[in-house]
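# Commentary on secondary and tertiary structure
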Amino acid sequence: NDTDLIPITSLRNETNPTTKPESNTANEGPTEYFPLPECSADNTTNQAYGDYMWLRSKAGVKLSHYCFYQLNNSDSVSRECLEASPGVAVWGAPDYRSCLTATDHSILEVGSVEVTEDNAAAMAGKLDELTKDMADVTASGVQATATIMQQLSQHPGSSSTLVNIGSNLLNADEKTIALSKTIIKDAMNNLAETLLAAGGTGIISTANVDLVTSQTSPDNKTLLATQDAEIDIPASISGLARGAAVVVYKNSKLFKGPSSNEKMAVISDVILSGLNLTNSKENIKLTFEAMKDWEDNETQDITCVYWDGSDWGGHGCAYHADLNSCLCDHATPFTAILSFREMESDTAEEESVLVLYIEITCLSISIASCIVFITIVLSIKGLRTLQSFKIHLNLAIVLMLQYIGYLTINVVYV
């Protein structure tokens, strides 16, 4: 096909390299053609923008995909196959610019400025204003915001605004913040440490996040309290530090692991502690207001667990009904939460019993059928001598014994 050929004598930077020249003079001699070079199929992975597959294409072709993290499919990411040299084509860099909203671009503009003591407060205020409405912020915007928060967390003068920004980010849906969970938690932890080092004491409270700092009291006991939670740290532990700081998350969007399912729900705040403590002889006491609502509920089982970085775990933490509190022997930079697991309801138990009775009935019918078949084969001499019936007879005996075993187990269970 001549449209896929270009003359060697033609220029490489012409507007349409795939078009043949209109004419060739006799002095030029015969013109040689060769196929347009191709870019092979390729896959690009970007944490902020998603994964895209680019099909094999000829030089000069530009492909596009809908932006991965935008549900309205109004914008696209593009990539062009470029001719690097005669006969050689390479993929250009993906162009993600149209995947960003106007708010995302404004956030990136804030992040392009170097953070200093003089401009930290202004940058934090700008980010707070941009993230008030998370409907116009994509996953890329959330990631950029969390990264800027990490830089600003070294400046305690912006602490209240930064906590408010963290609260704003948690108004986004789980898909939008999925790639930025660790960065957000790290930024909040860094801010807690900065405030503690600066001697701060008190509570910065927002809709989704509280940051609580407390210096060690004269009796070396540290008590961190919010409206919905209280953390009591024994004197022997508090004496090892200048105080303590915790971040209290009022929803669990940042803490989704394999154990999170429809039968496990977080009913309390999520406490992220900055104490570096493991296997203590004395326990840290965590009390949650939410426990009182579930304490006497017979259909739920209250469990105290902690976040190990990727999932919930219960090692070292226990729920004490008499204290209506969680006691944990560690407060590493993980999370302690209170959750509940639904126990089987009466309806579920009735359904289980019904299923058992159905199984018993079916097994009894199967055993009776095997007995009838075995009886018929053994009572007719002509059938007993046939090789095929001998095989079927053995199979029937084995199946009957198997069914009897299953039936025995089910009867015992009932």
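Look up: the structure comes first, before these words.
Throughout what follows, the structure given in this document is the object of discussion.

What counts, and where the lines are drawn
- Residues numbered from 1 in each chain as written.
- Predicted model: local features only at pLDDT ≥ 70, side-chain atom pairs only at ≥ 80, totals over all residues.
- Heavy atoms only, no water.
- Helix = DSSP H or I, 4+ residues; strand = E, 2+ residues; numbered from the N terminus.
- Buried < 20%, exposed > 50% of the residue type's maximum accessible area, 1.4 Å probe, protein only.
- Polar contact = N/O pair within 3.5 Å; in protein donor to acceptor, adjacent residues only side chain to side chain.
- Contact = heavy atoms within 4.5 Å.
- Disulfide = S-S within 2.5 Å.
- Salt bridge = Lys/Arg side-chain N within 4 Å of Asp/Glu carboxyl O.
- Pairing = 2+ DSSP bridges.
- Axes fitted to C-alpha atoms, helices over the stretch in contact; angles between N-to-C directions.

Moving on to the side chain of Asp210. Mapped onto the elements of the fold, Asp210 is located in strand E11 (residues 209-215). Take Asp210: its relative accessible area is 4%, and that puts it in the buried class. Here the side chain of Asp210 touches Thr206 through a polar contact of 3.2 Å, landing on its backbone nitrogen. When residues no more than four places from it in sequence are discounted, the contact partners of Asp210 are Ile204, Ser205, Thr226, Val246, Val247, Val248 and Lys250.

Taken as a whole and judged by the stated rule, the model has four disulfides. Each sulfur in the disulfide pair Cys317 and Cys328 lies 2.1 Å from the other. Around the S-S axis, the bridge from Cys317 to Cys328 shows a dihedral of about 120° and counts as right-handed. Highlighted residues: Cys317 in strand E20 (residues 317-320) and Cys328 in strand E21 (residues 325-328), separated in sequence by 11 residues.

Moving on: the pattern of salt bridges. A complete count under the given rule lists five salt bridges for this structure. Among the ionic pairs, Arg56 bridges to Glu38, the shortest N-O distance being 3.4 Å. Of this pair, Arg56 sits in the loop between strand E5 (50-54) and strand E6 (57-58) while Glu38 sits in strand E3 (residues 38-39); the two residues are 18 residues apart in sequence, bridging distant segments of the chain. Classification of Arg56 as exposed rests on a relative accessible area of 61%. Its relative accessible area of 37% is what places Glu38 among the partly exposed residues. The partner of Asp128 in a salt bridge is Lys132, with the nearest N and O atoms 3.8 Å apart. Its relative accessible area of 12% is what places Asp128 among the buried residues. Judged by relative accessible area, Lys132 falls into the partly exposed class, the value being 48%. Look at the salt bridges and you will find they share partners, linking Glu38, Arg56 and Lys58 into a network.

Before going further, it helps to spend a moment on the sheet that holds strand E8 (residues 76-85). Read across the sheet, three strands follow the order E7-E8-E9 without closing on themselves; strand pairing throughout is antiparallel. With partners counted over all chains shown, the strands left at the sheet margins are strand E7 (62-66) and strand E9 (88-91), one partner each. When strand polarity is set aside, the average angle formed by the axes of neighbouring strands in this sheet is 25°. In terms of strand pairing, E7 meets E8 through five bridges, oriented antiparallel. Across the sheet, residue Leu63 finds its bridge partner in E8, namely Arg79.

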